[in-house]
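Structural characterization, general
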Amino acid sequence: MVIKNLKLTNYRRFRHLELEFPENIIGILGSNGAGKTTIVEAIGWCLYGNRIRRTDKLDIRSQFAAATEASEVELIFSCGGNDYRLLRKLKGKNAAVEAAIYMNANTEPEAVQERGVNEFIESLLNLDYRSFFVSVFARQKDLAALSMFQPEERRKSIARLINIDAIDRSRVDVRVDRKGKLDTQSGIKTSIRDDKELKANKKELAAELEISQQRLKVLEQKLADCDTKFKATKAEYEKLSETRDQYHQILARIEKWTTLKAETEQRKTKQLEQIKNIEQAQQQEQQLKLMLKNYQEIQREKDRLDKASGKYFQLQAFQAEQKRLFSLVTKEQVLVTKLTEELKGFESFDKKLSELDQLINQMQQQRETVRRELSQNEGLIVNITAKGKETRQKNDKIEKLGPDSPCPVCTRPLKEHYQTVHANFQNELATLRKQYSQYEKTDHELKEKIQHLDNQLLNAQKDRDAVLQALEQRNAREKQLKQHRDTLEELNQNLETVNKNISNIGDVVYNEKQHKEVQKNYKELSAVRDRLLKIEENVSRLPDEKQELEQLEKALTDQTTEIEREQQQLKSLTFNEENYSELRKNMEIFQQQLESAKDENHAENQKELSIQKDLERIEQEIKTNQALKKQINQLKQEIVYLDALDYHLGLFRQELSGRIRPLIAARASELLHLTTQGRYTILELDEDYNIYLFDQTDKFPLIRFSGGEQDLANLCLRIAVSQVVAERAGRSQINFIVLDEIFGSQDEQRKELIMTALQRLFSQFRQIFIITHVESIKDGLPVIVLVEPISDMESRATMI
């Protein structure tokens, strides 16, 4: 297998990268963290998918890529005389995997989807992902680990590298399987019951079943006898119940007619009394008619007085309202006059407010003018103060240094000009002090003027507030005046209406005493009239009442006849309540006996079913015992086979390890001879894979040699392991190897020797990838891929 082309899109630190790899030694150079290992990792990920990644698959997508963008690797390689193009993508937020592989120029893929492509690659290279990784990749940390491990750890590490640990895992699986079968066998043995006990139980249950079946026949006969007696008694009881129902129906009808007869007799008594009362009322009818002779005349007088009374009391109410309204009108007129006089005192306040506003505006303008003058004067004071401070510093400086002080203008020594310059500084300071005093005086005067204007403004503002308060009072008075005028107008309108109503009523003649006397007479005569009307109504009903009395007498005769007929029919029935109760009691006894027989029969049936189920269970347990014994015999045979398999796997591991260790040592010796120019020619491994080197003819442990020599020996051993793994996997297709940071502890001479040895390895590996950050080997590399970071998250790679 030879790598031809690699293309990355949004893969870790690379946004877009495409590299063509020749058949040569290819150095991948760059600083730590730039992404050197990422390029080689992308080859492994494209071939074997997520199983070979070093982080979570979501981290494969570049940090700068959006969640909707795909992370993609395309690899072109040759293998077995054919060219292959392999594509693998991560798409979407959940990083779903898509994969496809094409052979030569075919447009139809050889395999698709992650599982299909993985199986095709393993079949093509004859390597699973673990064997591929071990045989192709050699890293500095793996080399150091080989010498730092304890013997047991080293054996396990080498076993993992050359895949012997697969035999160990198989032996563990065999032993786990054997233990599981032993546990199953033990559990089955505890489940097996004694055959003799089961057969004895079966015989005992068969005897119980025979006894139960005989007893069941007796109970069934008893049940049939009880059923016959119950049915006969029940038929007789039902017939007598029909006679009893007829008997009680007749009694109910007799009771009904008797009740009706009693009610009819009561109604007849009341009817006779009512007829008697009507005949007595006939005698009072003429007397009451004489008393009502003047009734209509008194009624007309009452109606006339009722009308006069309404007008009289209405007139009194209007007159009282007239008096009340007149009083309110007088009160409102007084208030309106008072408020009108008060408002005359507020007429000059509008003019006064205008004058105060004008005065305040003038004083504010004057104050602003004075404030600006004060600000200008304070600026002059600041300038003079700064100038005086500067002049004072210059004067103090020349006084301190004397005639040797530098000139403030030309910086040359003053010498004979010292007194003149010093006098000039003194005169300038005196002038500044005088100006400062003048400006200070002006500042004080301006501040006093501002304070005076502020006091005047405050007084004017107080006067203005007083005027505004007076104007608010005037507005309140005007509002009150309007309300009272509106109220006065409304009262005058109401008074005019009341006067008009009084005029419309006019004079009213009304005697309240006479009205009450007429009302009393009318009430007494009305009661007499009502009594007369009731008597007349009762007298008119007298014929109807007599007719109803005749109907009640006829109904009494009919009801008596019905009672006598029902009593005669009752005597014709031959029914005795005591005989009926005795028959019902006997029927209930026979029914209880029948239910008891049914219960006994059901219980015996259930007992028979239970015995039959127990017999079936015993027979099933006998069959289960036979099956379990057969299963135990089968498990014993399987355990024997597993013991034999464990033993032979152990022998196979021992023999394979004994063959591979010398082969690895021989391959490592060849590489060591190349890299040391014949200084060291033999590398030997003991059973713990401890490394020994022969110096001349003497054998020494690896710890005796320098750190660089130890790393070199570990490198040769690691490459030898890759060669042996590749040979054992039968993969002549793999023609490249990756060496990651293998120059860590080597001096310059040793680095050159390693590079020379790698060039000689080119006969076995058509491509050798060297990942390193060591710049000194750059000149010895025929092909270089330079990896450089261009930001915190992104890198680029260039083929040199």
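Quick caveat, the model's predicted, so the values are computed rather than measured.

Details of the overall build of the protein
Helix and strand counts for the protein come out as 15 helices and 15 strands. For 800 residues, the compact-globule estimate of 2.2 N^0.38 gives 28 Å, and the C-alpha radius of gyration of the protein, at 68 Å, exceeds that figure by more than 25%. Projected onto its principal axes, the C-alpha coordinates of the protein cover approximately 175 × 150 × 55 Å. Out of the 800 residues belonging to the protein, those deemed buried represent 36%. Here the analysis covers contacts within the protein between residues at least 6 apart in sequence; of these, 75% occur between residues at least 24 apart. Once the 127 positive and 131 negative side-chain charges of the protein are each reduced to a mean point, those two points are 2 Å apart.

With respect to the pattern of salt bridges
Inspection of the entire model under this criterion finds 41 salt bridges. Note that E638 is salt-bridged to K181, the shortest N-O span being 2.9 Å. Placement of the pair is E638 in helix α13 (residues 577-675) and K181 in helix α6 (residues 165-191), with a sequence separation of 457 residues. The salt bridge involving E566 is made with R565; its shortest N-O contact spans 3.4 Å. Classification of E566 as buried rests on a relative accessible area of 3%. Judged by its relative accessible area of 45%, R565 is partly exposed. Ionic contacts of the salt-bridge type, sharing partners, join the residues R253, E562, R565 and E566 into one network.

Quick look at the sheet that holds strand β11 (residues 698-701)
Within the open sheet, the three strands sit side by side as β9-β10-β11. Their pairing is antiparallel. Only two strands of the sheet have a single neighbouring strand rather than two, namely β9 (683-685) and β11. For this sheet, the mean inter-axis angle between neighbouring strands, taken without regard to orientation, is 35°. Examined bridge by bridge, strand β10 (residues 691-695) and β11 share four bridges and lie antiparallel to one another. Of the residues in β11, the one forming a bridge with Y692 is P701. Along the sheet, α13 makes contact with β9 and β10, crossing β9 at roughly 160°.

Some thoughts on the sheet that holds strand β5 (residues 82-91)
Strand order across the open sheet formed by six strands is β2-β1-β4-β5-β6-β7, with antiparallel pairing between neighbours. Each edge of the open sheet is held by one strand with a lone partner, namely β2 (14-20) and β7 (111-112). When strand β1 (residues 2-11) meets strand β4 (residues 71-79), the two strands line up antiparallel, connected through seven bridges. Directly across from V2, in β4, lies its bridge partner S78. Of the strands in this sheet, β4, β5, β6 (96-103) and β7 touch helix α2 (residues 113-125), which is tilted by about 40° from β6.

Some words on α2
Its 13 residues give α2 an end-to-end C-alpha distance of 18 Å, which sits within 8% of 18 Å, the value for a rise of 1.5 Å per residue. When α2 is considered as a whole, its buried residues turn out to be V117, N118, I121, L124 and L125. Buried residues in α2, looked at end-on, bunch into an arc of 135°, giving them a common side. Opposite the packed face of α2, turned more than 90 degrees from it, sit the exposed residues R115 and S123. Looking at the residues trailing α2, positive phi occurs at N126, about 60°.

Points about the packing of helix α9 (residues 349-401) against helix α10 (residues 418-505)
Remark: α9 packs on α10, axes separated minimally by 6 Å, with the N-to-C direction vectors making an angle of 160°. If you check the angle between α9 and α10, you find them roughly antiparallel. The handedness of the crossing between α9 and α10 comes out as left-handed. A breakdown of the residues in the contact of α9 with α10 according to their chemical character gives 27 nonpolar, 13 polar and 21 charged.

Comments concerning α10
Its 88 residues place the ends of α10 129 Å apart at the C-alpha level, agreeing with the 130 Å of an ideal helix rising 1.5 Å per residue. The positive-phi residue at the C-terminal boundary of α10 is G506, with phi of around 75°.

Some thoughts on the state of the cysteines
This structure, assessed with the given rule, holds zero disulfides. Not part of a disulfide, C79 finds its nearest cysteine sulfur in C46, a span of 14 Å. Take C79: its relative accessible area is 3%, and that puts it in the buried class.

Thoughts on the pairing of strand β13 (residues 767-772)
Counting buried positions along β13 yields six of six residues, so the element is predominantly enclosed. A two-sided burial pattern is seen for β13, the buried positions comprising Q767, F769 and I771 on one face and I768, I770 and T772 on the other. Relative to β13, strand β3 (residues 25-30) is paired through five bridges, and the arrangement is parallel. Each bridged residue has a counterpart across the sheet, and for I28 the counterpart in β13 is I771. As paired strands, strand β12 (residues 736-740) and β13 are joined by five bridges and run parallel to one another. Residue pairing in the sheet places L739 in a bridge with I770 of β13.

A few points about the packing of aromatic side chains
Applying the stated criterion across every chain, the model contains eight aromatic pairs. Taken together, the aromatic side chains of F21, F736 and F769 make up a single cluster linked through ring pairs. The side chain of R704 reaches across the aromatic face of F700, ending 3.9 Å from its centre. In this structure, R704 packs its charged tip against the face of F705, placed 5.1 Å from the ring centre.

Details of the pairing of β5
Two elements, β4 and β5, share nine bridges in a ladder whose sense is antiparallel. Bridged to C79 within β5 is N82. Linking β4 to β5, which pair antiparallel, is a turn of two residues; within it G80 sits at a positive phi near 60°. Pairing between β5 and β6: eight bridges, direction antiparallel. The residue of β6 that forms the bridge with R85 is Y102.

Remarks on the side chain of E608
Mapped onto the elements, E608 comes out in helix α13. Notably, E608 is buried but unbridged: the nearest opposite-charge side chain belongs to K217, and the N-O separation is 9.8 Å. Among the polar contacts listed, one links the side chain of E608 to the side chain of Q213, at a separation of 3.4 Å. Discounting chain neighbours no more than four positions away, the residues touching E608 are L209, S212, Q213 and L216.

Overview of the environment of G379
Locating G379 in the fold gives a position in helix α9. Residue G379 is classed as partly exposed on the basis of its relative accessible area, which comes to 30%. On a C-alpha basis, the gap between G379 and Y439 in space is 9.9 Å, while along the polypeptide they are 60 residues apart.

Things to note about unusual backbone geometry
Most peptide bonds take the trans form, and the phi angle of most residues other than glycine is negative. Unusually for a residue other than glycine, N10 sits at a positive phi of about 55°. As for its position among the elements, N10 is in strand β1.

Focus: the side chain of N5
If you trace the backbone, N5 turns up in strand β1. By relative accessible area, N5 is classed as buried at 8%. Setting aside residues no more than four positions away along its own chain, N5 makes contact with E18, L19, E20, E74, L75 and I76.

Here is what the cut-offs are and how they apply
Residues numbered from 1 in each chain as written. Predicted model: local features only at pLDDT ≥ 70, side-chain atom pairs only at ≥ 80, totals over all residues. Heavy atoms only, no water. Helix = DSSP H or I, 4+ residues; strand = E, 2+ residues; numbered from the N terminus. Rg over C-alpha atoms; globule rule 2.2 N^0.38 Å. Buried < 20%, exposed > 50% of the residue type's maximum accessible area, 1.4 Å probe, protein only. Contact = heavy atoms within 4.5 Å. Lys, Arg positive; Asp, Glu negative; His and termini not counted. Charge placed at Lys NZ, Arg CZ, Asp CG, Glu CD. Salt bridge = Lys/Arg side-chain N within 4 Å of Asp/Glu carboxyl O. Pairing = 2+ DSSP bridges. Axes fitted to C-alpha atoms, helices over the stretch in contact; angles between N-to-C directions. Expected span 1.5 Å × (residues − 1). Arc of directions from axis to C-beta. Parallel < 35°, antiparallel > 145°, perpendicular 65-115°, else oblique. Left-handed = near helix turned anticlockwise from the far one by under 90°. Nonpolar A, V, L, I, M, F, W, Y, C, P; charged D, E, K, R; others polar. Disulfide = S-S within 2.5 Å. Phe/Tyr/Trp six-rings, centres within 6.5 Å; stacked < 30°, edge-to-face > 60°. Lys NZ or Arg CZ within 6 Å of the ring centre and 35° of its normal. Polar contact = N/O pair within 3.5 Å; in protein donor to acceptor, adjacent residues only side chain to side chain.

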